[in-house]
Amino acid sequence: MSDPAAPDFRMPAEWEPHHGTWLAWPHKRSDWPGRFAPIPWVYGEIVRTLSRHEVVHLLVADSAQRTAARRILRDVGADLANVRFHSFPTDRGWLRDSGAIFVQTAAGEKVALDWGFNAWAKYPDWTLDDRTPAFIAETREVRRVRPTHRGWRVILEGGSIDVNGAGLMLTTEECLLSTTQHRNPPFDRADYEAVFRTFLGVTKTLWLNRGIAGDDTHGHVDDLARFVGPRTVVLVQEENESDENFGPLRENLERLEGMTDTAGGKLDVVPLPMPRPLVFRGVRLPASYANFYIANGVVIVPTFNDPADRVALGTLAELFPDREVVGIHCVDLVWGLGTLHCMTQQEPA
């Protein structure tokens, strides 16, 4: 429960070997108002795909939810031998942000980081989610560390960062430095970089500016740019100059093209398309192909019934030739203002 004695932690890249993936079964109907009915089936398809490759740890509120989830997973053909059910109630199911982030020490110990969580500094119901990392650490019998800095328990969501496992990290100024949805009021850029260095093994932080339109989190990087290799980054780009994403995404491209890795080498920046604007009940939704998730042997990618689906799938298939690349229909899921990466959290091997 205390800070590490020395900054020897390292957060592995998502493509490094996993023990498994953590998910929480969906139950918050107000996250998908008027459109909840298909959501458990979308989760079923995700678990079916992942369970062919690694263990899936699934949080369920109670025995009734466990029975309902098991029935759906059986119906869709998930490998139930690779699914572990854990009874633990949550406020929501976005474990990328509320779950434990696993790191490793130089000696090879696995540690669960218990960051503070306050529902993106936006919603009042977060106390159950804030207890999730402690439950995961206890369940997996690993040491739990609560990151603090300058006496402040650090609030950090996994969707706001992306690492290459070798000292580089992507994040955005909009999410961490803006006073809108302010997570850690005392912190400036130097404070965050000190936190990342101590707890994640990050020696160089690459700051992009703004996230995509419709993002309820105010700038999470996992809808914007992702590492797919030690020095290769995919970045979503909007080709329609009249779209509100065009200017911010072009600025982020210019920033990335001027950035370097820890050794001073240029980054390889690979463009991902953006789907056409997806709107439901007058709300612009944060539909993005960057919200993919990398697991053992497979990459699951959100698709949106859009012509750009095949371009995104093809681009990622070229970048991950040793993995299946599987599209998951997310037109319903994104009404909850998140998709595949937002709901998953990897546990390294």
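Everything below is about the structure shown above.
Residues numbered from 1 in each chain as written. Predicted model: local features only at pLDDT ≥ 70, side-chain atom pairs only at ≥ 80, totals over all residues. Heavy atoms only, no water.

A.B. asks: How should the sheet that holds strand β1 (residues 18–24) be read in this particular structure?
C.D. replies: Strand pairing in a sheet relies on backbone hydrogen bonds, with the paired strands running either antiparallel or parallel. Taken together, four strands build an open sheet; the order of strands is β3-β2-β1-β20 and the sheet is mixed. Edge positions in the sheet fall to β3 (83–87) and β20 (345–348), since each of these pairs with one other strand and no more. Taken over all neighbouring pairs, the strand axes of this sheet differ in orientation by 25 degrees on average, direction set aside. Bridge count between β1 and β20: four bridges; the pairing is antiparallel. Paired with G20 across the two strands is E347, which belongs to β20. Strands in contact with helix α6 (residues 132–140) are β1, β2 (55–60), β3 and β20; relative to β1, the strand with the most contacts, it is inclined by about 140 degrees. (Pairing = 2+ DSSP bridges. Helix = DSSP H or I, 4+ residues; strand = E, 2+ residues; numbered from the N terminus. Axes fitted to C-alpha atoms, helices over the stretch in contact; angles between N-to-C directions. Contact = heavy atoms within 4.5 Å.)

A.B. asks: Would you explain the sheet that holds strand β14 (residues 268–273) in this entry?
C.D. replies: Pairing is mixed in the open sheet, where three strands are placed in the order β12-β13-β14. The open sheet has two edge strands, β12 (225–229) and β14, and neither has a second partner. Each neighbouring strand pair of the sheet contributes to a mean axis angle of 35 degrees, computed without reference to strand direction. As paired strands, β12 and strand β13 (residues 232–237) are joined by four bridges and run antiparallel to one another. Each bridged residue has a counterpart across the sheet, and for R226 the counterpart in β13 is V234. The strands touched by helix α9 (residues 246–257) within the sheet are β13 and β14, with β13 carrying the most contacts at an inclination of about 160 degrees. Here helix α10 (residues 308–319) sits on the sheet in contact with β12, β13 and β14, set at roughly 155 degrees to β14.

A.B. asks: Would you mind showing me how to read the nonpolar core here?
C.D. replies: One broad trend across soluble globular proteins is that nonpolar side chains are buried collectively. Of all hydrophobic cores here, the largest spans 74 residues; its most connected members are I46, L58, L170, L208, L224, F292 and L333. It is helix α1 (residues 39–51) that contributes the most residues to this core, six residues altogether. For L333, the contacting residues outside a window of four places in its chain are W32, I39, V42, Y43, I46, G338, T339, L340 and M343. (Core = buried A, V, L, I, M, F, W, Y, C linked by side-chain atoms within 4.5 Å. Buried < 20%, exposed > 50% of the residue type's maximum accessible area, 1.4 Å probe, protein only.)

A.B. asks: For this particular structure, what's the right way to read the packing of aromatic side chains?
C.D. replies: Geometry of an aromatic ring pair is reported as the spacing of the ring centres plus the angle between the planes. Counted by the stated rule, this structure contains 11 aromatic pairs. Here the aromatic rings of F88 and F135 are separated by 4.5 Å at their centres, their planes lie at 20 degrees, and the arrangement is stacked. Taken together, the residues F88 in the loop between β3 and α3 (95–98) and F135 in helix α6 connect sequence positions 47 residues apart. The two residues F88 and F135 agree in class, both being buried. Three or more aromatic residues link up through ring pairs in this structure, and these residues are W32, F36 and W94. Above the ring of W207, the side-chain terminus of R189 is found at 5.0 Å from the ring centroid. (Phe/Tyr/Trp six-rings, centres within 6.5 Å; stacked < 30°, edge-to-face > 60°. Lys NZ or Arg CZ within 6 Å of the ring centre and 35° of its normal.)

The quantities given are spatial measurements derived from coordinates; they are silent on function.
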